[in-house]
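Results of the structural survey
Below, each chain spelled out in residue letters.
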Amino acid sequence: MSKYYLYLNFIGTRLENYTVALAYLEEYHKNAMLLYKKSQEIEAETRNHKDFVDKRIATFEDRSNSREKTLVDFLCSLLLVGLFWAYLRHKKNHLFYKRGENKLKSLDSEIYSKTKEIKEIEYSSFLLQADIFVQTALFAELKELEAQPRTKDAKVLSYEKQKMLQNEIDRIFNKFCEMLYSIDLKLTLNDIKLCCLSLLPLDSYAKALCFVSTEISVVKQRKHYIKKKMLSSPENKELFDFIFAKR
């Protein structure tokens, strides 16, 4: 509508009717001011509406952030509870494992102790067998042979006495011989014989005479072969040391 007043003002000016032209110009300004105010009001309303919308969006974002934060806090708490539970389970399992390990160590120690005790009893029984052999007349003869001068002409154990010696060994050292055969070391009859003689208080020379020789190298050589056979299994070292301990 304002542009029409401006157009009428233009016509009045061309017709030199300045009073009418001025009136139309005033109407134009009046309407222009009304439009300007209206536009300001609309702009203010638009700005207010924008501010309202921004505030609502900000409030919604705050609420969303708050809900997200709450959810994150809940998930973190749940994770911490899960980790703590896993830690407790691990600790419990670790303690259970340690108890089991300690118990197994204790049992192993007890088994080792009992096994050692049984071996000591068994070895003592073999030495008792040796004590019985020492009481025989044959052992007295072996000691006599041991005491003779160590020459090539020295008297060795006769064939007849050798048979008697083997019979006495089989009779008196029966348990010891059974044990040596049971560990499957492929020991020969003469190996077993030397093992039995080594439990007696006889020196290497006397043992050599029992093998019809005046050379102690015969005994050393056989002992070497026995050691090689026995120590093929490390657990037999204790047995070897027991048999060939100095007595």
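The structure contained in this document is the topic of the report that follows. Once a new chain begins, its residue numbering starts again from 1 and follows that chain's sequence as written. Selection of residues for local features in this predicted model requires a pLDDT of at least 70, selection of side-chain atom pairs for listing and counting requires 80 or more, and totals for whole chains, interfaces and linings are taken over all residues. With hydrogens and water set aside, each side-chain value is computed from the structure's full complement of heavy atoms.

Some thoughts on the overall build of the protein chain
By the criteria applied, helices consist of DSSP H or I runs no shorter than four residues and strands consist of E runs no shorter than two, each listed in order from the N terminus. Of the regular secondary structure elements, the protein chain holds nine helices and zero strands. The helix and strand sequence of the protein chain, counted from the amino end, reads α-α-α-α-α-α-α-α-α. When burial is assessed residue by residue, the protein chain has 24% of its 247 residues classed as buried. For the protein chain, the accessible surface area stands at approximately 18300 Å², while carbon and sulfur atoms represent 60% of it. Three labels apply to residues, based on accessible area from a 1.4 Å probe with only protein chains included: buried if under 20% of the type maximum, exposed if over 50%, partly exposed otherwise in between. Computed with a 1.4 Å probe, the accessible areas rest on the Shrake-Rupley method; for each residue, only the protein chains presented here act as cover.

Details of the environment of Arg 150
The residue Arg 150 is located in the loop between α3 (137-147) and α4 (159-172) in this model. Along the backbone, Arg 150 and Glu 215 are 65 residues apart, and their C-alpha atoms lie at a distance of 9.1 Å. Whether two residues are in contact is decided by their heavy atoms, any of which lying within 4.5 Å being enough. Excluding residues within four positions of it along the chain, Arg 150 makes contact with Asp 203 and Tyr 205. In this structure the side chain of Arg 150 is engaged in a polar contact, spanning 2.6 Å, whose partner is the side chain of Asp 203. A 3.5 Å cut-off defines polar contacts: any pair of N or O atoms within that distance qualifies, except that in protein one atom must be a possible hydrogen donor and the other a possible acceptor, and neighbouring residues in sequence count only when both atoms are side-chain atoms.

A short note on the pattern of salt bridges
The salt bridge definition used is simple: a Lys or Arg side-chain nitrogen within 4 Å of an Asp or Glu carboxyl oxygen. All chains considered together, the criterion is met by eight salt bridges. Between Arg 171 and Glu 168 there is a salt bridge; the shortest N-O distance is 3.1 Å. In this pair, Arg 171 and Glu 168 both sit in helix α4, three residues apart, roughly one turn of the helix. On the accessibility criterion, Glu 168 (16% relative accessible area) is buried. Here Asp 191 makes a salt bridge to Arg 222, at a shortest N to O gap of 3.0 Å. Taken together, the positions of Asp 191 in helix α6 (residues 189-198) and Arg 222 in helix α8 (residues 217-230) put the pair 31 residues apart, joining distant regions of the chain. Judged by relative accessible area, Asp 191 falls into the buried class, the value being 2%. A single network of salt bridges, built from pairs that share partners, joins Asp 191, Arg 222 and Lys 229.

A look at helix α5 (residues 174-182)
Residue pairs three or four apart in sequence face the same way in an α-helix, which turns once every 3.6 residues. Those residues of α5 lying buried are Phe 176, Cys 177, Met 179 and Leu 180. For α5, the arc enclosing every buried residue in end-on projection is 160 degrees, short of the 170-degree limit, so these residues lie on one face. Phi turns positive, to about 50 degrees, at Asp 184, one or two residues after α5. Read the arc as the range of directions from the helix axis to the C-beta atoms.

Quick notes on the state of the cysteines
Two cysteine sulfur atoms form a disulfide, by the criterion used here, when they sit within 2.5 Å. Within this structure, the stated rule accounts for zero disulfides. Its sulfur unpaired, Cys 195 is 6.8 Å from the next cysteine sulfur, which belongs to Cys 196. A relative accessible area of 0% means that Cys 195 is categorised as buried. Not part of a disulfide, Cys 196 finds its nearest cysteine sulfur in Cys 177, a span of 3.8 Å.

A look at the layout of surface pockets
Roughly 280 Å³ of volume is contained in the largest pocket. Lining the largest pocket are 14 residues; nearest its centre among them are Leu 202, Ser 204, Lys 207, Lys 223 and Phe 244. Counting residues per element, the lining of the largest pocket draws most heavily on α8, which supplies three residues. Polarity classes work like this: nonpolar for Ala, Val, Leu, Ile, Met, Phe, Trp, Tyr, Cys and Pro, charged for Asp, Glu, Lys and Arg, and polar for all others, with Gly in that last group. Here the residues of the lining of the largest pocket sort into six nonpolar, two polar and six charged. Cavity and pocket criteria rest on a 1 Å grid covering protein atoms alone: a 1.4 Å probe that fits but cannot get out defines a cavity, protein on both sides within 12 Å along at least 5 of 7 lines defines an open pocket, and an atom within 4 Å of a point defines a lining residue. Grid points are joined across faces, edges and corners, and a volume is the space filled by probe spheres set on the points.

Considerations on the nonpolar core
Burial of nonpolar side chains together is a common tendency in soluble globular proteins. Throughout, nonpolar core names a set of buried Ala, Val, Leu, Ile, Met, Phe, Trp, Tyr and Cys residues whose side chains join them through atoms within 4.5 Å. By size, the foremost hydrophobic cluster in this structure holds 42 residues, and its most contacted members are Phe 133, Leu 165, Phe 173, Phe 176, Leu 180, Met 230 and Ile 243. Going through the elements one at a time, α2 (18-134), α3, α4, α5, α6, α7 (204-210), α8 and α9 (237-243) are the ones with two or more residues in this core.

Focus: the side chain of Asp 191
A distance of 3.0 Å separates polar atoms of two side chains, one belonging to Asp 191 and the other to Arg 222. Of note is the side chain of Asp 191, whose polar atom sits 2.9 Å from the side chain of Lys 229. Setting aside residues up to four positions removed in sequence, Asp 191 forms contacts with Arg 222, Ile 226 and Lys 229.

Section: α3
Within the span of α3, buried status applies to Leu 138, Phe 139, Leu 142, Leu 145 and Glu 146. Viewed end-on, α3 has its buried residues packed into an arc of 115 degrees, placing them on one side of the element. The outward face of α3, more than 90 degrees from its buried face, is lined by the exposed residues Ala 137, Glu 144 and Ala 147.

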